[in-house]
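# An overview of the molecular structure
Next come the chains, spelled out residue by residue.
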Amino acid sequence: MSFAPLADMHTHTDSSPDSSAPIASMCEAALRLGLPALAFTDHVEMTSFTADGFDQSCERSYHQALAMRERYAGRLEVLAGVELGEPIFDRDRSARLLAEHDYDFVLGSIHNLEDGVDYFHYDYASADIGAVLDIYFAAELELVEMGGFHSLAHLTYPLRYMPAEKRPADTRRWQDVIDALFRRMAEQGMALEINTSGLRQAIGQTSPDLPLLRRFRELGGENITLGSDAHRPEDVGAGLEIAASLALEAGFRDICQYRAGKPRHVRIG
């Protein structure tokens, strides 16, 4: 099925520590694809937010997004956002950060625990995968219960970095905690992101996958956002049509694009 151009609600620029992409290059990529809107959601990790580090990057990202909004007015809707990582570990600072910025869109995410070791860097070969994911999904539930953001990013984040022989075949072991967070998200009207980064990686699937999207819908979830998680221009918009198809298959008939903190529902089927 073919879709009208879809907004990409999750991208990163050189204001994130893991990207070297100038913000204008990301906008130009979106223009070439005919995307209606592009959200910049550079990382702010609460486990490493320092006076001379992430806070400066955060301010740079926010003000550059506002500048791009003016530059591309009438051609591309630029949304100022943030990917707020690990806010459960510094709730006061997280609240101040959000209060001090008029973000269009806030993603909530867990990339690491308080030790600061990103799941990207885990030594999965010697790890007890079950125990790792027990802790991870408990932290995801805590994040959802804390709230304060619009969409939950890449629910199954650690899976995309695990070697195939160590990766669990499914998430049934954690279904109770996942169901609990899905119910809480539905109660709050919180969106679930379909993150397409895994389609460009060895895992070859979105985060979350179709069975979890169906479960979210079954438990009352109504809002879905789509994000490429692009860290370079060539990945802007990548996989969004696949994500929209999965949303339809899971029972959703529209997706959300946030502006000024409010969801706008875009019909997809």
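Anyway, here's the lowdown on the structure attached to this text. (Residues numbered from 1 in each chain as written. Predicted model: local features only at pLDDT ≥ 70, side-chain atom pairs only at ≥ 80, totals over all residues. Heavy atoms only, no water.)

Now for the overall build of the protein chain. On a plain count of helices and strands, the protein chain comes out with seven helices and ten strands. Here the C-alpha radius of gyration of the protein chain, 17 Å, is about what a compact globule of 269 residues would show, namely 18 Å. With respect to the three principal axes, the spread of C-alpha positions in the protein chain is 50 × 45 × 35 Å. Per-residue burial over the protein chain gives 54% buried out of 269 residues. Residue pairs at least 24 apart in sequence account for 75% of intrachain contacts in the protein chain once pairs closer than 6 positions are excluded. Carbon and sulfur atoms make up 48% of the accessible area of the protein chain, which amounts to about 11200 Å² in all. On the protein chain, the mean spot of the 25 positive side-chain charges and the mean spot of the 42 negative ones are 6 Å from each other. (Helix = DSSP H or I, 4+ residues; strand = E, 2+ residues; numbered from the N terminus. Rg over C-alpha atoms; globule rule 2.2 N^0.38 Å. Buried < 20%, exposed > 50% of the residue type's maximum accessible area, 1.4 Å probe, protein only. Contact = heavy atoms within 4.5 Å. Areas by Shrake-Rupley, 256 points an atom, 1.4 Å probe, with all protein chains shown as cover. Lys, Arg positive; Asp, Glu negative; His and termini not counted. Charge placed at Lys NZ, Arg CZ, Asp CG, Glu CD.)

Its volume calculated, the largest pocket comes out at about 560 Å³. Taken together, 26 residues line the largest pocket, and the ones lying closest to its centre are Asp18, His43, Tyr157, Tyr161 and His231. Looking at side-chain class alone, the lining of the largest pocket contains five nonpolar, twelve polar and nine charged residues. Approximately 220 Å³ is the volume found for the second largest pocket. (1 Å grid on protein atoms, 1.4 Å probe; cavity = no way out; pocket = protein on both sides within 12 Å on 5 of 7 lines; lining within 4 Å. Points joined across faces, edges and corners; volume = space filled by probe spheres on them. Nonpolar A, V, L, I, M, F, W, Y, C, P; charged D, E, K, R; others polar.)

This part is about the pattern of salt bridges. On inspection of all chains with the given rule, the structure shows 14 salt bridges. Across the salt bridge formed by Asp235 and Arg200, the nearest N and O atoms sit 3.6 Å from each other. Of this pair, Asp235 sits in the loop between β8 (224–227) and α7 (240–249) while Arg200 sits in the loop between β7 (191–195) and α6 (210–218), and the two are 35 residues apart along the sequence. A network of salt bridges, in which partner residues are shared, links Arg200, Arg232, Glu234 and Asp235. (Salt bridge = Lys/Arg side-chain N within 4 Å of Asp/Glu carboxyl O.)

Looking now at the nonpolar core. Judged by nonpolar contacts, the single largest core of 75 residues is most densely connected at Leu152, Phe182, Met185, Leu192, Ile224 and Leu226. Per-element tally for this core: the top contributor is helix α4 (residues 129–146), with nine residues. Look past the residues within four positions of Leu226 in its chain and what remains in contact with it is Leu6, Ala7, Asp8, Met9, His10, Ile194, Leu240, Ala243, Ala244 and Ile255. Membership of the second largest hydrophobic core comes to eleven residues, among which are Ala39, Phe105, Ala153 and Tyr258. (Core = buried A, V, L, I, M, F, W, Y, C linked by side-chain atoms within 4.5 Å.)

Further remarks concern helix α1 (residues 23–33). For α1, the complete set of buried residues consists of Ile23, Met26, Cys27, Ala29 and Ala30. Within α1, the buried residues cover an arc of 160° as seen down the axis, which keeps them to one side. With its phi angle positive at about 75°, Gly34 sits one or two positions after the end of α1. (Arc of directions from axis to C-beta.)

Residue Pro208 follows Ser207 across a cis peptide bond; omega there is 0°. Among the structural elements, Pro208 can be located in the loop between β7 and α6. Despite not being glycine, His154 shows a phi value in the positive range, around 25°. By secondary structure assignment, the location of His154 is in the loop between β6 (151–152) and α5 (175–188). Located in the positive-phi region is Asp229, a residue other than glycine, with phi close to 60°. Along the chain, Asp229 falls in the loop between β8 and α7.

Moving on, we come to empty space enclosed by the protein. Scanning all chains against the criterion turns up one cavity of 30 Å³ or more. Each pocket or cavity is described by its volume, and for the largest cavity that value is around 30 Å³. In this structure, the largest cavity is lined by Asp42, Val44, Cys58, Ser61, Tyr62, Gly81, Val82 and Tyr103. Residue assignment for the lining of the largest cavity shows that the elements contributing at least two residues are α2 (54–71) and β4 (77–85). The element best represented in the lining of the largest cavity is α2, accounting for three residues.

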